[in-house]
Amino acid sequence: MAEQPTSTPLAPEPRTGPADAISVRDVTRVYQRPRTSLRRPSPPVHALRGVSFGIPQGQRFGIVGESGCGKSTLLRIMAGLDRPTSGGVAIDGRDITGLRERRLKFVRERLQLVFQDPMSSLDPRMRVGDIVAEPLVAQGHGNRRERVAELLEAVGLRADAADRYPHQFSGGQRQRISIARALAPRPKIIVADEPVSALDVSVRAQVLNLIADLVDELSLTLVFVSHDLSVVRHVCDRVAVMHAGQIVETGSTEQVYEDPRHSYTRRLIAAVPTLGKALSGVSAADLNRE
Amino acid sequence: MTPAPETGPAAAAHDDVLAVRNLDVTVGGRKLVEDVGFTIRAGERVGLIGESGSGKSLTALSVLGLLPEGLRASGSVRLAGVGHDLVGADEARMSRVRGKEIAMVFQEPMTALNPTMRVGRQIAEVLLIHRTRPDRASARAAAVELLAQVGLPDPEAAARAYPHQFSGGQRQRVVLAIALANDPALLVCDEPTTALDVTVQARVLDLIVRGVQDRRSALLFITHDLAVVATACERVMVMYGGRLVESGPVHEVFTHPRHRYTQGLIGASDLTVVDGRGRLATIRGSVPPAGRFPAGCVFRNRCDHATDVCATRPKWIPTGPDSGYACFHPVPGSGAHGTGAPTNQEAGRG
């Protein structure tokens with residue numbers, strides 16, 4: 001698909017501007033499911049149905065939604081790993097829609113990803129040092145050993161971790177390794193997809209603190225995708241709530257949590273169990289009420 | 001040193017549905033679960049919380065007689081109405097107990113269901129095997145009724161469908177229907193809602209609680225999620241390093257924890273309390289792999305209060321009929337307000 005001229009954004013509220021780290025303009029994505037009948041094709045899946053928003057530099061932007069809401073598709077399109085059916089995405093004001101892979105190099109440098117499961121996103125046969133250095137190799141940077149040691153230290157691991165393999169680390173340490181790898185090419189944008197969902201409670205807080213420290217120290221823009229509203233509330237300044245391929249509500253996290261406007265957001269917030277709610281007498285039936 | 005009331009097995013209250021005493025699980029000389037003991041009464045909902053490697057799932061599997069090959073349980077697990085000990089019982093005996101007196105719901109519903117069999121038949125099967133319904137027709141009718149009870153729309157049609165035609169939450173409801181089919185005395189749930197979305201989790205939790213309340217079944221609910229346990233259970237047991245480290249009524253344990261691990265866990269999971277820099281309270285280090293916990297107090301290598309005495313094993317200190325803790329340097333009792341979360345000076349990058 002060729003680059004499209006910027007069409008007028010259809011959705012009313014989101015403000016997008018050239019200064020935004022990421023701007024998403026009326027993105028749709030339609031998948032064709034494999035045929036299940038000989039007579040007619042399967043109905044298309046509308047994974048994204050007109051999504052628009054802008055993320056200013058330095059913001060911590062949360063995307064929440066349940067499975068199937070389209071948040072992973074959106075994330076892949078934002079990272080240049082998938083293409084929208086229509087609409088466009090710009091990183092630092094440069095349109096990435098429809099660019100060939102080799103012209104996406106600036107995206108790979110500017111934007112890095114951290115995934116949920118550090119076991120499946122780290123190659124078990126590579127040493128940690130090589131894993132962390134891989135984005136540097138791919139982008140042709142020199143003097144890698146020093147940089148790797150510096151990165152490992154930045155995420156709270158010892159420099160000798162470089163000579164070991166992923167399976168020798170605990171879940172939390174593995175997530176630190178994926179964060180170190182993401183930071184290697186000195187990106188300005190980190191996109192984290194459920195980065196703490198697979199971690200133990202006692203380790204989750206450590207990794208959340210680490211992400212917060214790094215975002216502060218390196219002045220990063222953070223996109224944080226999660227199904228867990230409490231985590232997004234802690235981490236993010238702004239949040240977009242997704243449901244059935246659309247953003248149903250955006251706003252500052254405080255405002256969305258304290259005064260949700262959309263009925264789906266209200267239902268989502270009501271269904272989250274918290275220690276505080278439970279101790280003040282909220283039962284399982286109450287969570288299910290709304 | 002059993003963390004249970006000091007009554008002999010003979011004197012056990014007749015209301016006890018499950019009585020676990022001195023349960024050990026070992027593999028090749030390594031102890032994965034050590035000296036676990038507790039009781040659950042009819043209609044009581046008890047949570048077992050712990051992180052990975054704490055031994056909570058192995059405890060559940062020992063109760064069910066489903067330990068993986070190579071792992072050995074010792075000690076005693078007694079269930080009301082069953083004449084033999086469940087520890088060491090052979091498969092023939094256990095298969096008469098499982099699905100009837102004890103039922104279970106695991107995390108992944110797709111692996112619990114038979115993909116090639118209609119859902120209605122899978123529910124009817126458990127009724128026919130245990131001969132709680134006289135014939136196929138009445139078992140089928142009961143299956144449809146159970147599907148209605150777990151809130152599946154159009155239960156008649158659901159009974160004729162195959163598992164792949166359902167969503168994850170609906171499948172978990174089918175598994176729950178099977179588990180509740182024979183009105184079990186004990187329902188064991190191991191992370192039943194961990195793989196589900198929040199709104200679906202709320203639904204399934206509600207169904208589990210209502211299901212056991214309607215039947216006066218005892219519930220053993222295993223999870224890593226403190227908020228889920230606090231919502232669904234009345235009593236909670238905290239496990240770490242293969243041992244029970246604290247237990248008591250949900251409200252007491254979560255507002256006035258005594259064990260330093262419980263205190264740290266509550267602090268680390270509370271995302272609304274931050275220090276001046278906006279950082280969360282943490283427990284330093286990480287959970288050691290199963291069987292590699294330090295001797296003495298299993299938490300001492302991560303505890304800010306540990307001293308030399310912690311190298312010996314702390315005694316269980318009862319604080320009530322079903323509550324107590326095992327710690328040399330407990331959080332001072334009462335007087336403290338709030339959640340007893342660690343102070344922010346204790347928080348660090350770890």
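No experiment lies behind these values; they were computed from the predicted model shown.

(A) Quick peek at the overall build of chain A. In terms of helices and strands, chain A carries 11 helices and 10 strands. For a compact globule of 290 residues, the expected C-alpha radius of gyration is about 19 Å, and chain A comes in at 20 Å, within 12% of that figure. Projected onto its principal axes, the C-alpha positions of chain A cover 55 × 50 × 45 Å. Here chain A holds 290 residues, and the buried ones make up 52% of them. Partitioning the contacts of chain A with sequence separation of at least 6, the portion at a separation of at least 24 is 66%. Mean positive and mean negative side-chain charge positions of chain A (39 and 33 charges, respectively) differ by 7 Å.

(B) A look at the side chain of A:Arg204. Within the secondary structure, A:Arg204 sits in helix α6 (residues 201-217). The class for A:Arg204 is buried, based on a relative accessible area of 14%.

(C) Spotlight on the packing of helix α4 (residues 119-129) of chain B against helix α7 (residues 168-180) of chain B. Residues and elements named next belong to chain B. Across the interface, α4 lies against α7 with an axial gap of 8 Å and an inter-helix angle of 20 degrees. Classified by the angle between their axes, α4 and α7 sit roughly parallel to one another. Of the two possible hands of crossing, α4 and α7 adopt the one that is right-handed. Packed against α4, whose contacting residues are Val119, Gln122, Ile123 and Val126, the element α7 presents Val174, Ala177 and Ile178 at the interface. Taken together, the residues of the contact of α4 with α7 break down into 6 nonpolar, 1 polar and no charged.

(D) Seen up close, helix α5 (residues 171-183) of chain A. Residues and elements named next belong to chain A. The terminal C-alpha atoms of α5 lie 19 Å apart, and with 13 residues this matches the ideal 18 Å at 1.5 Å per residue to within 8%. Every buried residue belonging to α5 is among Gly172, Arg174, Gln175, Arg176, Ile177, Ser178, Ile179, Ala180, Arg181, Ala182 and Leu183, and all of these are buried. Buried residues along α5 sit against β6 (111-114), α3 (128-138), α4 (144-154), β7 (189-193) and α6.

(E) Just the UniProt feature "domain: ABC transporter" (unreviewed entry) in chain B, in detail. Mapped onto the present numbering, the UniProt feature "domain: ABC transporter" (unreviewed entry) falls at residues 18-266 of chain B. Spanning residues 18-266 of chain B, this segment combines 41% helix with 25% strand, and its end C-alpha atoms are found 28 Å apart.

(F) Geometry of the layout of surface pockets. Roughly 850 Å³ of volume is contained in the second largest pocket. As for the second largest pocket, its lining consists of 32 residues, and the residues nearest its centre are A:Phe169, A:Ser170, A:Gly171, A:Gln173 and B:Ser286. Counting only elements with at least two residues in the lining of the second largest pocket, the list comes to α5 and α6 of chain A. For the lining of the second largest pocket, the element with the most residues is α5(A), which contributes 5 residues.

(G) Looking closely at the pairing of strand β9 (residues 238-243) of chain A. Residue and element names in this part refer to chain A. Two elements, strand β3 (residues 60-64) and β9, share 4 bridges in a ladder whose sense is parallel. Looking across to β9, one finds that Phe61 is bridged to Arg238. Joining the antiparallel neighbours β9 and strand β10 (residues 246-252) is a turn of 2 residues, in which Ala244 adopts a positive phi near 50 degrees.

(H) Geometry of the interface of chain A and chain B. With 38 residues of chain A at the interface, the matching set in chain B holds 43 residues. Both sides of the chain A and chain B interface together cover about 3,400 Å² of buried area, and 57% of this is carbon and sulfur. In terms of surface lost to chain B, no three residues of chain A exceed A:Val201, A:Leu275 and A:Leu279, which account for 17% of the buried area on that side. Linking chain A with chain B are 3 salt bridges. A salt bridge links B:Arg277 to A:Asp213, with the shortest nitrogen-to-oxygen separation between them at 3.0 Å. The interface formed by chain A and chain B holds 16 residue pairs in polar contact (both at pLDDT 80 or more) in total.

Here is what the cut-offs are and how they apply
Residues numbered from 1 in each chain as written. Chains lettered and ligands numbered in written order. Predicted model: local features only at pLDDT ≥ 70, side-chain atom pairs only at ≥ 80, totals over all residues. Heavy atoms only, no water. Helix = DSSP H or I, 4+ residues; strand = E, 2+ residues; numbered from the N terminus. Rg over C-alpha atoms; globule rule 2.2 N^0.38 Å. Buried < 20%, exposed > 50% of the residue type's maximum accessible area, 1.4 Å probe, protein only. Contact = heavy atoms within 4.5 Å. Lys, Arg positive; Asp, Glu negative; His and termini not counted. Charge placed at Lys NZ, Arg CZ, Asp CG, Glu CD. Axes fitted to C-alpha atoms, helices over the stretch in contact; angles between N-to-C directions. Parallel < 35°, antiparallel > 145°, perpendicular 65-115°, else oblique. Left-handed = near helix turned anticlockwise from the far one by under 90°. Nonpolar A, V, L, I, M, F, W, Y, C, P; charged D, E, K, R; others polar. Expected span 1.5 Å × (residues − 1). UniProt positions renumbered as here; feature names shortened; annotations may be inferred. 1 Å grid on protein atoms, 1.4 Å probe; cavity = no way out; pocket = protein on both sides within 12 Å on 5 of 7 lines; lining within 4 Å. Points joined across faces, edges and corners; volume = space filled by probe spheres on them. Pairing = 2+ DSSP bridges. Buried area = accessible area lost by both parts, 1.4 Å probe. Salt bridge = Lys/Arg side-chain N within 4 Å of Asp/Glu carboxyl O. Polar contact = N/O pair within 3.5 Å; in protein donor to acceptor, adjacent residues only side chain to side chain.

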